[in-house]
Amino acid sequence: MAKIDILVGTTLGSAEYVADEISDQLSDLGHETMVHLGANLAELNQEALWLIVSSTHGAGDLPDNIVPFFDEIQAKSPDLSQVKFALCAIGDSSYDTFCQGPEKLVDLLIQCGAQVYVDKIQIDVQYDPIPEEPALAWLSGWQDQL
Ligand SMILES: Cc1cc2nc3c(=O)[nH]c(=O)nc-3n(C[C@H](O)[C@H](O)[C@H](O)COP(=O)(O)O)c2cc1C
């Protein structure tokens, strides 16, 4: 059984819904999950997998609810060399900055030593109006290695 901290970045709620569905699928497999809408370093387990489920807003920006977490990491530059993470990005390809918001967070995590656990998925709501479907299919592709 693995521990998975799910970090949500959302403005309109769609990424939160995807995160909840991912959490349910992992829980059904017997894993221990925690969904964080306002993540902070103190409450995250560095031995857990950090699964970032985030949309993009503004012009390639992180949703407001996850910006304090980004700011905290930027300010503290913690040693995250124990951390493994995965990214489920949700965006709209009609924007030049398709899915770029969470890339800023990912770049920062890597700078702090965190490692990519699996290849990310970028879900395009232009073509996938029900983003939980590709998200759960993506998860099914690697959940057995947890
Ligand atoms: C004002 C606004 C700005 C957006 N900017 C971007 C963007 O820069 N890049 C992108 O890929 N998607 C962008 N989107 C699309 C959202 O990421 C997409 O609608 C997503 O499903 C919203 O998920 P959420 O409900 O979890 O916030 C934008 C949407 C809005 C309403």
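Conventions and cut-offs
Residues numbered from 1 in each chain as written. Predicted model: local features only at pLDDT ≥ 70, side-chain atom pairs only at ≥ 80, totals over all residues. Heavy atoms only, no water. Helix = DSSP H or I, 4+ residues; strand = E, 2+ residues; numbered from the N terminus. Buried < 20%, exposed > 50% of the residue type's maximum accessible area, 1.4 Å probe, protein only. Contact = heavy atoms within 4.5 Å. Areas by Shrake-Rupley, 256 points an atom, 1.4 Å probe, with all protein chains shown as cover. Core = buried A, V, L, I, M, F, W, Y, C linked by side-chain atoms within 4.5 Å. Phe/Tyr/Trp six-rings, centres within 6.5 Å; stacked < 30°, edge-to-face > 60°. Pairing = 2+ DSSP bridges. Right-handed = clockwise from strand over helix to strand, strands pointing away. Near = heavy atom within 4 Å. Polar contact = N/O pair within 3.5 Å; in protein donor to acceptor, adjacent residues only side chain to side chain. Nonpolar A, V, L, I, M, F, W, Y, C, P; charged D, E, K, R; others polar.

Q: I would appreciate a short explanation of the overall build of the protein in the present structure.
A: Looking only at helices and strands, the protein features 4 helices and 6 strands. In the protein, the succession of α and β elements from N to C terminus is β-α-β-β-α-β-α-β-β-α. Across its three principal axes, the protein shows a C-alpha extent of roughly 35 × 35 × 20 Å. Evaluated residue by residue, the protein yields a buried proportion of 50% over its 146 residues. In the protein, the share of contacts with a sequence separation of at least 24, taken over all contacts with a separation of at least 6, comes to 81%. For the protein, the exposed surface amounts to about 7100 Å²; the carbon and sulfur share of it is 47%.

Q: Is there a simple way to explain the nonpolar core in this structure?
A: Side chains of a nonpolar character, in soluble globular proteins, are inclined to be buried together. Within the largest apolar cluster, 24 residues are counted, with the highest numbers of intra-cluster contacts made by Trp50, Phe69, Leu80 and Leu109. Every element with two or more residues in this core is listed here: strand E3 (49-55), helix H2 (67-76), strand E4 (84-91) and helix H3 (101-111). Counting residues per element, this core draws most heavily on H3, which supplies 4 residues. By size, the runner-up hydrophobic cluster in this structure holds 23 residues, among which are Val18, Ala19, Val53 and Ala135.

Q: What exactly am I supposed to notice about the packing of aromatic side chains here?
A: The description of an aromatic ring pair rests on the distance of the ring centres and on the angle between the ring planes. In this structure the tally under the stated criterion is 3 aromatic pairs. Measuring from ring centre to ring centre gives 5.2 Å for Trp138 and Trp142, while their planes differ by 70 degrees; the resulting arrangement is edge-to-face. In this pair, the class of Trp138 matches that of Trp142, namely buried. One aromatic cluster is present, built from ring pairs that chain together Tyr117, Trp138 and Trp142.

Q: In this structure, what is going on with H3? I would like to understand it.
A: In an α-helix there are 3.6 residues to a turn, and that puts residues three or four apart on one side. Taken as a whole, H3 has its buried residues at Gly101, Pro102, Glu103, Leu105, Val106, Leu108 and Leu109. As for H3, its buried residues are in contact with E3, H2, E4 and strand E6 (121-124).

Q: Sorry, what's going on with the pairing of strand E2 (residues 32-36) here?
A: For a regular strand, the rule is simple: side chains alternate between the two faces of the sheet. Where strand E1 (residues 3-9) lies against E2, 5 bridges are found, and the strand directions are parallel. Bridge pairing in E2 places Ile6 opposite Val35. Taken together, E1, helix H1 (residues 14-28) and E2 form a β-α-β motif whose crossover is right-handed.

Q: Just to check I follow, could you spell out the site of the ligand for this structure?
A: Near the ligand there are 20 residues, and of these Thr10, Ala15, Thr56, Thr97 and Cys99 occur at the shortest range. Contact distances for the ligand include 3.1 Å between an oxygen atom and a backbone N or O atom of Gly13. Between the ligand and the protein, one listed contact pairs an oxygen atom with a backbone N or O atom of Asp92 at 3.0 Å. Those elements that provide at least two residues to the shell around the ligand are H1 and E4. Split into classes, the residues belonging to the shell around the ligand amount to 8 nonpolar, 11 polar and 1 charged.

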